[in-house]
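The residues making up each chain are set out below.
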Amino acid sequence: MIQLKGVVKEYGNAKNKEVTRAVDGIDLEINQGEFIALLGPSGCGKTTTLMMIAGLLKATKGEILFDGKVVNQMEPKDRNIGMVFQSYALYPHLKVIDNIAFPLREKKVPKAEAYEKAKNIAKKLQIENLLNRKPAQLSGGQQQRVAMARALVKEPQILLLDEPMSNLDARLKLDLRDEIRKLQREIGVTTIIVTHDQEEALAISDRVAVLDAGKIQQYDTPYNLYHKPKNLFIANFLGTPPMNIVEGHVEEQDGRQVFAAEGVRYMLPQNREVAKEHIGCRVAIGLRPNDIRICESTENTIPVRIELVEQLGAEQLIKAKPLAGDHIIRIVAENEMKLKAGETVSIRILENKFHLFNLERNGINILS
Ligand SMILES: Nc1ncnc2c1ncn2[C@@H]1O[C@H](COP(=O)(O)OP(=O)(O)OP(=O)(O)O)[C@@H](O)[C@H]1O
Ligand SMILES: [Mg+2]
């Protein structure tokens, strides 16, 4: 098990004494054999966190433990880690096969055996036809896969991957994603992948830690992150097309609670009312485009005018504005529905699918 306890990393600049707090007090537990992702916008501290786990950077504060033992002072080479960096430095003078076999040769594994293992891994990563080339003769995506093979060949206890698939085309990415996951299960290696591709993170991981500005916003299963976002940041960050966020407040009317915003009035179902303390606060409703229906009824629905209809292939994306409001609401609708810009329709919110966030309390989800 890997544990991070209150880990902080500050980068100093000796010249002007400026300090950047890249990682701001992270607590994280990763079980043996688990596959987790660190996900977040550029600059949120993903690579820095990974480098501290690898031992290539020292934590400013806090503890990193492997199987209950503090490893802050342990040299990287003693940590039994396989790593693929964001900038995957291969040895330029070595052929691909020697690059892959390098960690084994370093451990004095006989050449024939090392080559055999290297070839096996290369096959799984679809680079077995490149074994006699030098890195300079490879594309970016091929170099990444060589780096991956090199990290895996020594069957490490921990595998750290920093954007390992950023240079691959969409199709190859999908293939490789499955392959990595399969290999990971086979070897049982505890794996941390860093990515800013949310789809990749959700698809491949047991759990995902979403970071923002050096802090973990939510560490949870892909299902919970999508369906039970802890706060507005998570809700906004995950999902394509993105969740609709409409600012307003909850008020009481005839003993029922109503979410009210410009052009929107929605009576909350009784089993999904908010605690009294949130009434009157600035609250945002979060609606996924797939969780809104276009319907005939006018009861507890929102009248909107369709502004734009876009083809997504399997479905269509509707951009509409409430008749009395000026914000766009995105709706995913079946292709069979004939919808035209300029038309007025009613939209219905699926009862157990909306979220409410209190903007006066850091956007926390007040319904989950
Ligand atoms: N050597 C350094 N000196 C000073 N600041 C640094 C250094 N390395 C990183 N930083 C800063 O620390 C913060 C986190 O950087 P980090 O590389 O961990 O981000 P990241 O999440 O991996 O981003 P990306 O997705 O762009 O790779 C950033 O604000 C970055 O500018
Ligand atoms: Mg990075």
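Look up a bit, the structure's there.
Description of the structure in this document. (Residues numbered from 1 in each chain as written. Chains lettered and ligands numbered in written order. Predicted model: local features only at pLDDT ≥ 70, side-chain atom pairs only at ≥ 80, totals over all residues. Heavy atoms only, no water.)

**Some thoughts on the overall build of the protein**
Helix and strand content of the protein: eight helices and 21 strands. Here the C-alpha coordinates of the protein stretch approximately 80 × 45 × 40 Å along the principal axes. In the protein, which comprises 368 residues, the share counted as buried stands at 49%. Across the protein, contacts joining residues at least 24 apart in sequence account for 64% of those joining residues at least 6 apart. A total of about 18000 Å² of accessible surface is found on the protein, and carbon and sulfur atoms cover 47% of it. Averaged over its 51 positive side-chain charges, the protein has a centre that lies 7 Å from the centre of its 48 negative ones. (Helix = DSSP H or I, 4+ residues; strand = E, 2+ residues; numbered from the N terminus. Buried < 20%, exposed > 50% of the residue type's maximum accessible area, 1.4 Å probe, protein only. Contact = heavy atoms within 4.5 Å. Areas by Shrake-Rupley, 256 points an atom, 1.4 Å probe, with all protein chains shown as cover. Lys, Arg positive; Asp, Glu negative; His and termini not counted. Charge placed at Lys NZ, Arg CZ, Asp CG, Glu CD.)

**What to know about the site of ligand 1**
Neighbouring ligand 1 are the residues Y11, A22, S42, G43, C44, G45, K46, T47, T48, Q86 and H196. One of the side-chain nitrogen or oxygen atoms of S42 is found 2.5 Å away from an oxygen atom of ligand 1. Within the contact set of ligand 1, an oxygen atom lies 3.2 Å away from a backbone nitrogen or oxygen of C44. Alone, ligand 1 offers 650 Å² of accessible surface; in the complex the protein occludes 62% of this. With three residues, the single largest contributor to the shell around ligand 1 is helix α1 (residues 46-54). Residues belonging to the shell around ligand 1 are distributed by class as follows: three nonpolar, seven polar and one charged. (Near = heavy atom within 4 Å. Polar contact = N/O pair within 3.5 Å; in protein donor to acceptor, adjacent residues only side chain to side chain. Nonpolar A, V, L, I, M, F, W, Y, C, P; charged D, E, K, R; others polar.)

**A closer look at helix α5 (residues 170-187)**
Counted at 1.5 Å a residue, the expected span for α5 with its 18 residues is 26 Å, and the 26 Å between its end C-alpha atoms agrees. Just downstream of α5, G188 is the residue with a positive phi angle, here 70°. (Expected span 1.5 Å × (residues − 1).)

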